[in-house]
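In case you want the letters, here they are:
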Amino acid sequence: MSEPVHKRKRRSQHSPVDLSNMRVALNRLEALKEELDMIEGTEEELHTISEHVLALEIILKGAKKPKASFSMVTEEDLEKAGVTRKWLHFYPAKVTELVEGLTADAEVEIANLHSRIKKIYTHIDVDYGPGSRMILNGILLALAEIASTQERDVVILPEMKIAQRNGVQISHPVSGNELWYSNYVVIECEDVSDYKKRFLASGFIDALEISKGCLLIVEAKCQSIKQTFVSFVPEAISQAIAFLKSADLQEVRFCLSDGQTWAFFILKLENEKLTYYESAPQCLSRAVLEDSDLPLRKIVQLLCEWLRPTKTDLFRLE
């Protein structure tokens, strides 16, 4: 005779549960407790039932809070949360003026970057994944070099945890599941070595308190050629919203990029409403960079401007 099979029970403290279902269960539990107060029975019976109800309440409230990735946020989720999409249009002549303002050191840095990216295209598969990320990382390093001055330094914080502070819950706009990590945060600070050490050691909260400029970079992590660049826009918006709420800001400038394609955004909180402004994507493909580094110059200078805004007539919002 075979031994009886014992099914392993699901343990709530180890497995995330759906937050909405957990709330429904807790509401029903409260209703049950109210009904029990009106039930007549022996003291022993009521005591036994109450113990079971209390045990269930402890299990539900102690269940692990579900966590989610920003990549799980969809365009429909943003619409349900009341987030509005609008457009950001750069003035070509103003962008050209911005590029013409490059310093001699920046010219050298971009020339070297242009050469490195062309070598990446020659030797590495950049259709998706790690290859394309090499271009992104190279551009961010160049940004740090160009934007750093004698008075200020630039620090890049990859995969930085967006802290929940001041009672602000960073969560999925619809499901309520907790959200955590951003891709890259570029911080500008005073050129004090102690500040840089604090950034790299303590992360988000200290970084924002000391920073003189801040730029969020969201990576479009294409895992296959079937994934489109625009499909990562909701993830970028959700990271920016979390960033804005945690830092208690009214506006956040950020970018979405896979290294080869770049889109620039501004998220604004106005009258308790969130609106994001999205630019047209700009391309740094092999063909585009083959004969000229001008497109690369534009991207780098726009990144510098997004980190440290100085122009008021560079674009229009509509």
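This section reports on the structure supplied with the text.

1. Quick look at the overall build of the protein chain
From N to C terminus, the protein chain includes 11 helices and 9 strands. Relative to its full complement of 318 residues, the protein chain shows a buried share of 44%. Intrachain contacts of the protein chain at a sequence separation of at least 6 include 70% that bridge at least 24 residues. Of the roughly 18,100 Å² that the protein chain leaves accessible, carbon and sulfur atoms contribute 51%.

2. As for the pattern of salt bridges
The full count for this structure, using the stated rule, is 10 salt bridges. The residue Asp 313 makes a salt bridge to Lys 94 at a minimum N-O spacing of 3.2 Å. Here Asp 313, found in the loop between helix H11 (294–307) and strand S9 (315–317), pairs with Lys 94, found in helix H4 (residues 92–100); they are 219 residues apart in sequence, far enough to count as distant. Owing to a relative accessible area of 28%, Lys 94 belongs among the partly exposed residues under this scheme. A salt bridge links Glu 219 to Arg 133, with the nearest nitrogen and oxygen atoms 2.6 Å apart. With Glu 219 in strand S4 (residues 213–219) and Arg 133 in helix H6 (residues 130–147), this residue pair connects regions lying 86 residues apart in the sequence.

3. Re the environment of Leu 215
With respect to the secondary-structure elements, Leu 215 resides in strand S4. In this structure, the C-alpha to C-alpha distance between Leu 215 and Tyr 184, residues 31 residues apart in sequence, is 8.4 Å. Not counting residues up to four positions away in its chain, the partners in contact with Leu 215 are Leu 143, Tyr 184, Val 185, Val 186, Arg 253, Phe 254, Cys 255, Leu 303, Trp 306 and Leu 307.

4. Some thoughts on the side chain of Thr 275
Within the secondary structure, Thr 275 is located in strand S7 (residues 273–278). Look at Thr 275 and you get buried, because its relative accessible area is 8%.

5. Overview of the nonpolar core
If you look at the biggest cluster of nonpolar residues, it comprises 44 residues, and the most contacted ones within it are Ile 139 and Leu 303. Those elements that place two or more of their residues in this core are strand S1 (84–90), H4, helix H5 (104–123), H6, strand S3 (184–190), S4, strand S6 (261–270) and H11. Residue contributions to this core peak at 9 residues, all from H6. With residues up to four places along the chain from it excluded, the contact list for Ile 139 reads Leu 113, Ile 117, Gly 259, Trp 262, Leu 284, Leu 296, Val 300 and Leu 303. One finds Leu 78, Leu 244, Leu 256 and Ala 263 within the second-largest nonpolar core, a separate group that totals 30 residues.

6. With respect to the packing of aromatic side chains
Geometry of an aromatic ring pair is reported as the spacing of the ring centres plus the angle between the planes. Inspection of every chain in the model, using the stated rule, returns 7 aromatic pairs. Between the aromatic rings of Phe 90 and Phe 264, the centroid separation amounts to 5.9 Å while the plane-to-plane angle is 85°, which identifies the pairing as edge-to-face. Taken together, the residues span a long stretch of sequence, with Phe 90 in strand S1 and Phe 264 in strand S6 at a distance of 174 residues. For Phe 90, a relative accessible area of 16% corresponds to the buried category. In textbook terms, an aromatic cluster arises when at least three aromatic residues are bridged by ring pairs, as seen for Phe 90, Phe 264, Trp 306 and Phe 315. Directly above the aromatic system of Trp 306 lies the positively charged group of Arg 253, at a separation of 4.5 Å from the ring centroid.

7. With respect to the side chain of Glu 305
As for its position among the elements, Glu 305 is in helix H11. Buried charged residue Glu 305 carries no salt bridge. Nearest counter-charge: Arg 253, at 4.6 Å. Other than its neighbours up to four places away in sequence, Glu 305 contacts Leu 98, Arg 253, Thr 310, Lys 311 and Leu 314.

8. Notes on H6
Taking 1.5 Å per residue, 18 residues should reach 26 Å; H6 reaches 25 Å between its end C-alpha atoms and fits that length. When H6 is considered as a whole, its buried residues turn out to be Gly 131, Ser 132, Ile 135, Leu 136, Gly 138, Ile 139, Leu 140, Ala 142, Leu 143, Ala 144, Ile 146 and Ala 147.

9. What about unusual backbone geometry?
A positive phi is found at Asn 271, a non-glycine position, where the angle reads about 55°. Mapped onto the elements, Asn 271 comes out in the loop between S6 and S7. Look at Asn 271 and you get exposed, because its relative accessible area is 73%. Of note in the backbone geometry, Glu 272 takes a positive phi value of approximately 65° without being a glycine.

10. Quick word on the packing of H5 against H11
Packed helix pairs are specified by the crossing angle of their axes together with the interaxial distance, meaning the distance between the axes. Packing of H5 against H11 brings their axes to within 10 Å, and their N-to-C directions diverge by 120°. In terms of their interaxial angle, H5 and H11 are classed as oblique. The handedness of the crossing between H5 and H11 is right-handed. Counting all contacts with H5, which are made through Glu 107, Ile 110, Leu 113, His 114 and Ile 117, the residues of H11 involved are Leu 296, Arg 297 and Val 300. Its residues placed into classes, the contact of H5 with H11 shows 5 nonpolar, 1 polar and 2 charged.

Conventions used here
- Residues numbered from 1 in each chain as written.
- Predicted model: local features only at pLDDT ≥ 70, side-chain atom pairs only at ≥ 80, totals over all residues.
- Heavy atoms only, no water.
- Helix = DSSP H or I, 4+ residues; strand = E, 2+ residues; numbered from the N terminus.
- Buried < 20%, exposed > 50% of the residue type's maximum accessible area, 1.4 Å probe, protein only.
- Contact = heavy atoms within 4.5 Å.
- Areas by Shrake-Rupley, 256 points an atom, 1.4 Å probe, with all protein chains shown as cover.
- Salt bridge = Lys/Arg side-chain N within 4 Å of Asp/Glu carboxyl O.
- Core = buried A, V, L, I, M, F, W, Y, C linked by side-chain atoms within 4.5 Å.
- Phe/Tyr/Trp six-rings, centres within 6.5 Å; stacked < 30°, edge-to-face > 60°.
- Lys NZ or Arg CZ within 6 Å of the ring centre and 35° of its normal.
- Lys, Arg positive; Asp, Glu negative; His and termini not counted.
- Expected span 1.5 Å × (residues − 1).
- Axes fitted to C-alpha atoms, helices over the stretch in contact; angles between N-to-C directions.
- Parallel < 35°, antiparallel > 145°, perpendicular 65-115°, else oblique.
- Left-handed = near helix turned anticlockwise from the far one by under 90°.
- Nonpolar A, V, L, I, M, F, W, Y, C, P; charged D, E, K, R; others polar.

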